[in-house]
Amino acid sequence: MKIRAKFTKQEYIKYISHLDLMRVFQRAFRRANIPVKYSEGFNPHPQFSLATALALGVSSDGEYMDVELDTYIEPEEFKQRLNIVLPNGIKILKAVFSDDKDSIVSLIRWATYIIGFSTKEKVTPEEITSEIDSFLSREELILTKEKKKGKKVTVKQHNVRERIKELFLLSNENDTIILKTTLMTGSQGNLKPEEVVELLKEYTEIKIEEDSLKLHRLELFVEKDGAASLPI
Amino acid sequence: MLDKGQFEKILNRVEKPARYIGKEQNISLKDITEDTVRFAFAFPDVYEVGMSHLGMHILYNLLNSKDDIYCERVFAPWTDMEEEMRKNNILLYALESKDFIKDFDFMGFTLQYEMSYTNIINMIDLAGISIMSKDRKNDDPFIIAGGPCAYNPEPLVGIVDFFVIGEGEEVTLEIIEIYKKWRKSGGERKEYLEAIASIEGVYVPELYNVDYNEDGTIKAFYPMDAKHPTKIKKRIIKNLDEAFFPDKIIVPFIETVHDRVMLEIFRGCTRGCRFCQAGIIYRPVRERSMDTLLESARKLIEATGHEEISLSSLSTSDYSQILELVNKLIEEYKDKKVGLSLPSLRLDSFPLEVIEEIQKVRKTGLTFAPEAGTQRLRDVINKGITEKDLFKSTEEAFGSGWSTVKLYFMIGLPTETFDDVMGIKDLAYRVKDIFFKMPREQRKGNLKVTVSTSCFVPKPFTPFQWYPQDSIEMFNKKINLLKSSIKDNKVTYNHHDSRLSYLEAVLARGDRRLSDVLIKAWKKGCKFDSWGDKFSFEKWLEAFEETGIDPDFYASRERSYDEILPWDFIDVGVSKKYLINENEKAKKGELTKDCRKGCTGCGINKSFTGGVC
Ligand code: SF4
């Protein structure tokens, strides 16, 4: 029996790492008396998985997890019991039974984000839009990644243009610019919003005020028959 | 209060921001009224260390169980956070309300280890409070301190306003009661300090004077006004079973050192190891009943969802009903996948079947603390364990599938010779041989023996308090001897920094002249001294140099029995005569039996009631 649930990660909870979030849930399951299935072996682990990791400081309205149950419990009850014991900022929005053989981790293909910031110099919406248009019209957007393996540092460069599905100006008010973007996410190709910010800094004239940057995940998508759809 | 926007910007730039956000499950959130007494429980180390401290959880919940007291937490920000705070003029704040500590009534430090003292100064400064008591104004918080190191409070005199000696549960409430009256009266700071000086267990250093002899030793220590007590008697909770124990504790978001439910099964210890300060200052032994413990466990697991319960005490297996307790806990939590851990377990007195039962949920390595390499030296320190015990336990453990063993030792113990040091190596090799003597098919896993040595620090209120510590050179000689003789890929050798242990000995047995050194060292940038990469011995040496204080006077000098020691004015209940007698017995290698098997006359039962004796 598997429950698939959607939840939020907001407020200060956004400063908690993926691993720590796993532990928050593990303990919340016990407090809420959720009959989670445990692995066998020396160090039994509860059988559940979170869809994708968020970087520290990124909030979200659309996180997902799969939980294997040992005994039957209504998804609605699962949701209610957990919401009582979860810390502020994490809230289960929806829970359903899922008969997916694949784990949520392997299904995720796209994610939408809000990128908010102010700029060092004033810019008009038109200027932003034209910057973004020329940014997207490039055939190559090269992301440089450093990988450390022990003491050796290898630099890898990838053209990630294809991993940006959309990027546009949502609003430009009170000196705060808000962009919306849809990015490839998951095992078949991944781009993070903070990496998009890196690219914007490199390829455009937009002078992002580093300190003001706010990232927020809106939703995750799976792909079914070639079309993006919500996980539940 | 913190500016939220600015705060978030900083959080984005620091390592492990979750250390600084508060918001954990089971924190106390309160409305603040005019009558609220605000208490900041301050732990002078990072969040992960502080949150692992059971005493904090007890006091936090106890204080917050009172309507008109609001206790919050504050830890030492890591250096990256401190840098941001100083750059952006952010004062030290409390995790719950994000209000500044400066606006609190009390900032209460717990003194768990000497090498956290520079962090205390740093935190007071970061809070925007004067680091010297004499410079503090009426609306500044009172800086107070308690915990095991407060049994020799003198090095912090001048910085801390007053100390609480002993167990804090009752006395803290008494202090706050008097505070409420004082606050209403609008009196002077000094009036409050005078008023609490008569509470048992409270030490207000500015009411006391010290005269010195020409050789630097103490000539006299006395209250300036005869109305104040000449001896400060430690506080203890008479009946632990009726004492407050929280039914919920804060659940940290990030991994801490002890991230689990800690059940305090008893206080005190009757074994009488002669190097152990805790074994003396926490006497007499007082147990919690099994029913109370099971009930606590139930509530705490329900409130936290923790995956582990640990039984906390100085010597877990000495609890009078340990087997029943362990069996009941295993029974109750097996299905919930809650594991059980028993730190400070003496394997010589614990059946292996039970340990195996415990390990069915979560398997960990085995730990032994023989403390010394030879039987002669183990007799000197009254450790009790024999080689036979150790070998028998390891043999059994290997037979049932264990393969990792940790062995803890001390070097520099009184009367130690190089033969004793080599005994450490021999012991480790014997353990290894036991493993490989087993038929191949019975061996499970890959053998790993870890040998750790720490450097002996003579502590106040132990039979060894008069003893000179080994010099750094001598420690290093012994460490190098072990390093060069332990050459086996199955045996790993770890050791502590001898320079740190040296400073620890200085501060542990220091007097009030040392506070100048502390401040100097802090001004030079010393903090997080026990965190290897932050430690600068050179700066400390400069601080001694510049204040004209000789550290050897405190660490490396043998004291005579009739010298007035800086902590002699504290009454821990165990008589000095007993300590002297124990030291003399040590020299002869004579053992003192566990006093559960018959009183050995330490004297605690004369001045303190309660407990098992
Ligand atoms: S009075 Fe006797 S029984 Fe009690 S702690 Fe001291 S030595 Fe042990």
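In the block above lies the structure referred to throughout.
Everything numeric in this text was worked out from a predicted model, so none of it was measured. For every chain, the first residue of its written sequence is number 1, and the numbers climb from 1 along that sequence. Here every chain gets a letter starting at A, and every ligand a number starting at 1, in the order they are written. In keeping with the model being predicted, local features are shown solely for residues with a pLDDT of at least 70 and side-chain atom pairs are shown and tallied solely at 80 or more, while totals for entire chains, interfaces and linings include all residues. In computing side-chain values, all of the structure's heavy atoms are included and hydrogens and water are not.

*Asks:* Quick one: what's the story with empty space enclosed by the protein, residue by residue and with numbers?
*Replies:* Residue and element names in this part refer to chain B. Detection works on a 1 Å grid of protein atoms alone, calling trapped sets that fit a 1.4 Å probe cavities and calling open sets with protein on both sides within 12 Å along at least five of seven lines pockets, with lining residues defined by an atom within 4 Å of a point. Grid points are joined across faces, edges and corners, and a volume is the space filled by probe spheres set on the points. All told, the structure shown has 9 cavities of 30 Å³ or more when counted by the stated rule. Its boundaries defined by the atoms lining it, the largest cavity holds a volume of some 100 Å³. Considering the residues around the largest cavity, the lining is formed by Arg19, Tyr20, Tyr47, Val74, Phe75, Ala76, Pro77, Met85, Leu92, Tyr93 and Leu95. Residues are grouped as follows: Ala, Val, Leu, Ile, Met, Phe, Trp, Tyr, Cys and Pro are nonpolar; Asp, Glu, Lys and Arg are charged; all remaining types, including Gly, are polar. In terms of residue class, the lining of the largest cavity is made up of 10 nonpolar, no polar and 1 charged.

*Asks:* Outline the sheet that holds strand 10 (residues 261–264) of chain B, listing residues and values.
*Replies:* All names here are of chain B. When DSSP finds two or more bridges between two strands, those strands count as paired. Helix and strand assignments follow DSSP, with helices taken as H or I runs no shorter than four residues and strands as E runs no shorter than two, numbered in order from the N terminus. Taken in spatial order, the 3 strands line up as 10-13-14 in an open sheet, and their pairing is parallel. Looking at which strands have only one partner, the edges of the open sheet turn out to be strand 10 and strand 14 (339–341). Across the sheet, the mean angle from the axis of one strand to that of its neighbour is 25 degrees, orientation sign disregarded. Where strand 13 (residues 308–312) lies against strand 14, 3 bridges are found, and the strand directions are parallel. Residue pairing in the sheet places Glu308 in a bridge with Gly339 of strand 14. Residues count as neighbours in contact if any of their non-hydrogen atoms are within 4.5 Å of one another. Where helices are involved, their axes are fitted lines through C-alpha atoms of the stretch in contact, as for all axes, and angles between N-to-C directions lie from 0 to 180°. The strands touched by helix 9 (residues 290–304) within the sheet are strand 10 and strand 13, with strand 10 carrying the most contacts at an inclination of about 165 degrees.

*Asks:* How would you summarise the site of the ligand if you had to cite specific residues and measurements?
*Replies:* Close to the ligand lie Arg283, Cys595, Cys599, Thr600, Gly601, Cys602, Ile604, Asn605 and Cys613 of chain B. Here the residues of the shell around the ligand sort into 5 nonpolar, 3 polar and 1 charged. Near residues are defined by distance, with any heavy atom within 4 Å of the molecule or strand qualifying the residue.

*Asks:* Which residues make up helix 13 (residues 387–399) of chain B, and what are the values?
*Replies:* In this scheme, a helix's expected span is set at 1.5 Å multiplied by one less than its residue total. Its 13 residues give helix 13 of chain B an end-to-end C-alpha distance of 18 Å, which sits within 8% of 18 Å, the value for a rise of 1.5 Å per residue. Taken from the residues just after helix 13 of chain B, Gly401 of chain B is the one with a positive phi, measuring 105 degrees.

*Asks:* Pulling in residues and values, what's your account of unusual backbone geometry?
*Replies:* Residue and element names in this part refer to chain B. A cis amide bond links Arg283 to the next residue, Pro284, at an omega of -5 degrees. Relative to the helices and strands, Pro284 is located in the loop between helix 8 (278–281) and strand 12 (286–287). Unusually for a residue other than glycine, Lys337 sits at a positive phi of about 60 degrees. Residue position: Lys337 is located in the loop between helix 10 (322–333) and strand 14.

*Asks:* A description of the sheet that holds strand 18 (residues 491–495) of chain B should follow, citing residues and the corresponding values.
*Replies:* All names here are of chain B. The sheet built from 4 strands is open, its strands ordered 15-16-17-18 with parallel pairing. The open sheet has two edge strands, strand 15 (366–371) and strand 18, and neither has a second partner. Between one strand and the next, the sheet's axes are offset by a mean angle of 20 degrees, whatever the strand orientation. Sheet topology places strand 16 (residues 404–411) next to strand 17 (residues 448–455); 8 bridges connect them, and they run parallel. Across the sheet, the residue bridging to Val405 is Val449, located in strand 17. Packed on one face of the sheet, helix 14 (residues 418–437) meets strand 15, strand 16, strand 17 and strand 18 and runs near 170 degrees to strand 16.

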